[in-house]
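A structural walkthrough
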Amino acid sequence: MSMIFGVPLAVLFGQLLIGIINGAFYALLSLGLAVIFGLLKIINFAHGAMYMLGAMVTVLMFDAMGINYWVALFGAPLVVGTFGVLIEYFLLRRIAGQDHIYSLLLTFGVALIIQGVLINWFGVSGLRYTMPDVFKGGVNLGFMFMPYYRAWVIVAALLVCFGTWFVIEKTKLGSYLRAGTEDSQLMQGFGINVPLLISVTYGFGVALAAFAGVLAAPIYSVTPVMGSSTLIVVFAVVVIGGMGSIGGAIITGILMGVIEGLTKTFYPPASSAVIFLVMVLVLMFRPSGLFGKEA
Amino acid sequence: MNQSANSTDIHKAIVREQAAQDRKKLILNGVLLLILLAAPFMIYPVFLMKILCFALFAVAFNLLFGFTGLLSFGHAAFLASGGYTTGYLLSNFSGLPTELGIIAGTLAATVLGLGFALLSIRRQGIYFAMVTLALAQLVFFFFVQSGFTGGEDGMHGIPRGELFGLINLEDNLNMYYFVLAVFIGCYLLVQRVVSSPYGQVLKAIKQNEPRAVSLGYNVDRYKVLAFVISAALAGLAGSMKSVVFQLASLNDAHWHMSGEVILMTLVGGMGTLLGPVVGATFVVNIEYHLSQGPLRDWVDPILGGIFVITVLAFRSGIVGEVQKFVRKNLG
């Protein structure tokens, strides 16, 4: 077996693959954050909780009603997205005119409630979700073994990322969204229902997080606390990439996943910290972020 | 002539009014001090010290959040670095006077705060919150992996030792009065900082940063200094906490703790001096009483609920609302 810096190639590729998959999750999550930030100008601290809800809903729908993976792939984001719309409508909207810090704190409080309640119901040990049979097994690519499900995660995440990019950059709805980002009052003046647009945007951003949750359910342990630590990493990813562009969020997400995977191969103790260290470097040498426009 | 006599009268009246108010304040403060001095004879001193430590933590946080408008989501890092440093020194160098251990812990948090500040002020608004949160997570990982903290187990049996080599701090009453003295000193310091010209600039930055810049203030330097003072006091709170409980653990470094101090400040009233103290007392009591009752598993969701209700319904917090009420009905 060929080696590189004392690490077998198969191990290296294996970690790279895991890195790309983690990166796909980072990309999906930071994309949702960026979409919400664009119109609402808030950072959704409940994003990790929504990701977790997506995974929990998938497991619970299967356990309680036997709803399969493919339905959950659309159903869970729909359920969680609707939940998000309700949160926007009943809570966030009430403090829309206030300092954005308050909405941030509000979503933090919401995250505490969701996570705390679910810990009480399900504990922190984690639920099991069996992978659909189609995805069992994998294919030998010659240089490494590729489990089918992992390949599917990458494909699905990329599809959704580029779909979102397409909707926002190339469609009429997306042009409303971008216009709302620039000047929502003027948009209102043109007769566009901005409050509705805001609700839908929040719901959509949250649904993206839930979609990531569904993808995660078969490979990660599904627990009420799975969201909070992931969210902090995603924050670092967002700081590194800047939220200026949708494409930037996607590229940075995957890049950071890969860097994390490489660190795990060559120097495991630093793997949980490496993204934060990259963030420190970016802040020192390129404070507005790799793709950022703002100061 | 007549007019000037009139204006002197008015002036005298204002001075008299001012003196009367000062006297009222003095009496109020005196009563508060008496209560604090007598409290350990009625309430378990360790519980009171817990409140005082968290109150200091919240006062420190409020200097940054309430008065400068910077929302740090990483203050747990300072609480923990103060606590761990003090704990490590007192555990490993027997005979070290306790006050030196506490000073060292405070210094460690100060240096860490300077590092945080220099990095995080490069981003504004919500990015600032995210950067501080991420940096604190980095510190958390460091504490998890480095051996001296005891990892998941934490640091146990930190000796309280003696203050100035004279006063035995193993005695809860002695410890209480020491913590109280430090707390009052820090509270007065923050009061002084806030009312100083420097503090006025901080408020200006909070209200309108571009204007403060255009007036020629080097805004970043003001922010960094505010951050460092805040981190130092948070570290001091952590140091004292580790001495009081003879324990330093990862709980103090977790993001949850950063959220808790935000809640304390918000509930008590951000941007008021007394608010964080009231908020800390409130939150510590709620947590304690919930943990004793049938709702002990529901502490987190309840805290989250308080967060949501405070943000939605009374953003000025307890002290802020009381002030509003007094101004409206009694002023």
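What you see is a predicted model; the values in this text were computed from it and never measured.

**Some thoughts on the overall build of chain A**
A tally of regular secondary structure across chain A gives eleven helices and four strands. The globule rule puts the C-alpha radius of gyration for 295 residues at 19 Å, and the 19 Å found for chain A is close to it. Here the C-alpha coordinates of chain A stretch approximately 65 × 50 × 35 Å along the principal axes. Looking at chain A as a whole, 48% of its 295 residues are labelled buried. The long-range share in chain A, meaning contacts at least 24 apart out of those at least 6 apart in sequence, stands at 77%.

**Observations regarding the overall build of chain B**
Secondary structure assignment for chain B yields 13 helices and four strands. Dimensions of chain B, computed from C-alpha atoms along their principal axes, come out at roughly 80 × 50 × 45 Å. Of all 331 residues assigned to chain B, the portion counted as buried reaches 45%. Partitioning the contacts of chain B with sequence separation of at least 6, the portion at a separation of at least 24 is 76%.

**Quick word on the interface of chain A and chain B**
In this assembly, 33 residues from chain A lie in contact with 32 residues from chain B. Elements supplying a minimum of two residues to the side of chain A that touches chain B: α4 (100–122), α9 (226–241) and α11 (274–285) of chain A. It is α4 of chain A that contributes the most residues to the side of chain A that touches chain B, 15 residues altogether. Classifying every residue of the side of chain A that touches chain B gives 26 nonpolar, six polar and one charged.

**A word on unusual backbone geometry**
Comment: phi is negative for the bulk of residues other than glycine, and the bulk of peptide bonds are trans. The backbone of lysine 41 of chain A sits at a positive phi, close to 60 degrees, despite the residue not being glycine. For lysine 41 of chain A, the position within the fold is in the loop between α1 (9–40) and α2 (47–65). A count of 15 C-beta atoms within 10 Å places lysine 41 of chain A in the partly exposed class. The backbone phi angle of glutamine 246 of chain B is positive, close to 55 degrees, even though this residue is not glycine. Among the structural elements, glutamine 246 of chain B can be located in the loop between α9 (219–245) and β4 (247–248).

**Describing the nonpolar core**
Leu28, Ala210 and Ala236 of chain A together with Leu56, Phe57, Met130 and Ala134 of chain B are the most contacted members of the largest nonpolar core, which totals 193 residues. Non-local contacts of phenylalanine 57 of chain B, meaning those with residues more than four positions away in its chain, are made with Leu79, Ala234, Ala237 and Val261 of chain B.

**Observations regarding the confidence of the model for chain A**
Note: predicted coordinates in regions of low pLDDT should not be interpreted at a detailed level. Residues at a pLDDT of 70 or more form 97% of chain A, whose mean pLDDT is 86. The secondary structure element of chain A with the lowest average pLDDT is strand β1 (residues 3–4) of chain A, at 68, and the one with the highest is helix α3 (residues 69–90) of chain A, at 93.

**Some remarks on α2 of chain A**
In this model α2 of chain A runs 26 Å from its N-terminal to its C-terminal C-alpha over 19 residues, within 8% of the 27 Å that 1.5 Å per residue would give. Positive phi shows up at glycine 66 of chain A, right after α2 of chain A, with a value of about 70 degrees.

**A word on the packing of helix α10 (residues 255–268) of chain B against helix α13 (residues 317–329) of chain B**
All names here are of chain B. Running from N to C, α10 and α13 cross one another at 10 degrees; their axes reach a closest spacing of 3 Å. Looking at the two axes, α10 sits roughly parallel to α13. In this structure, α10 contributes Leu266, Val267 and Gly268 to the contact, and α13 contributes Gly317, Ile318 and Val319. The residue inventory of the contact of α10 with α13, partitioned by class, reads four nonpolar, two polar and no charged.

**Details of the confidence of the model for chain B**
This prediction gives chain B a mean pLDDT of 89; 98% of its residues lie at or above 70. In the predicted complex, the global pTM is 0.89; the interface-specific ipTM is 0.86.

**Considering the packing of helix α3 (residues 76–92) of chain B against helix α4 (residues 98–120) of chain B**
All names here are of chain B. Running from amino to carboxyl end, α3 crosses α4 at an angle of 145 degrees, the nearest separation of the two axes being 8 Å. For the pair α3 and α4, the sense of crossing is right-handed. Along the contact surface, α3 presents Ala77, Phe78, Ser81, Gly82, Gly83, Thr85, Thr86, Leu89 and Leu90, while α4 presents Thr98, Gly101, Ile102, Ala104, Gly105, Thr106, Ala108, Ala109, Leu112 and Gly113. Tallied by class, residues from the contact of α3 with α4 come to nine nonpolar, ten polar and no charged.

**Considering the environment of isoleucine 302 of chain B**
In this structure, isoleucine 302 of chain B sits in helix α12 (residues 299–313). Residues contacting isoleucine 302 of chain B, with those up to four places away along its chain left out, are Leu290 and Leu295 of chain B.

**Points about the environment of isoleucine 119 of chain A**
Residues and elements named next belong to chain A. Counting through the fold element by element, isoleucine 119 comes out in helix α4. Along the sequence, isoleucine 119 and proline 224 sit 105 residues apart, while their C-alpha atoms lie 5.6 Å from each other. If near-sequence neighbours (up to four positions away) are discounted, isoleucine 119 is found in contact with Val124 and Pro224.

Conventions we followed
Residues numbered from 1 in each chain as written. Chains lettered and ligands numbered in written order. Predicted model: local features only at pLDDT ≥ 70, side-chain atom pairs only at ≥ 80, totals over all residues. Helix = DSSP H or I, 4+ residues; strand = E, 2+ residues; numbered from the N terminus. Rg over C-alpha atoms; globule rule 2.2 N^0.38 Å. Buried ≥ 20, exposed ≤ 12 C-beta atoms within 10 Å, placed from the backbone. Contact = placed C-beta atoms within 7 Å. Nonpolar A, V, L, I, M, F, W, Y, C, P; charged D, E, K, R; others polar. Core = buried A, V, L, I, M, F, W, Y, C linked by C-beta atoms within 7 Å. pLDDT = per-residue confidence, 0-100. Expected span 1.5 Å × (residues − 1). Axes fitted to C-alpha atoms, helices over the stretch in contact; angles between N-to-C directions. Parallel < 35°, antiparallel > 145°, perpendicular 65-115°, else oblique. Left-handed = near helix turned anticlockwise from the far one by under 90°.

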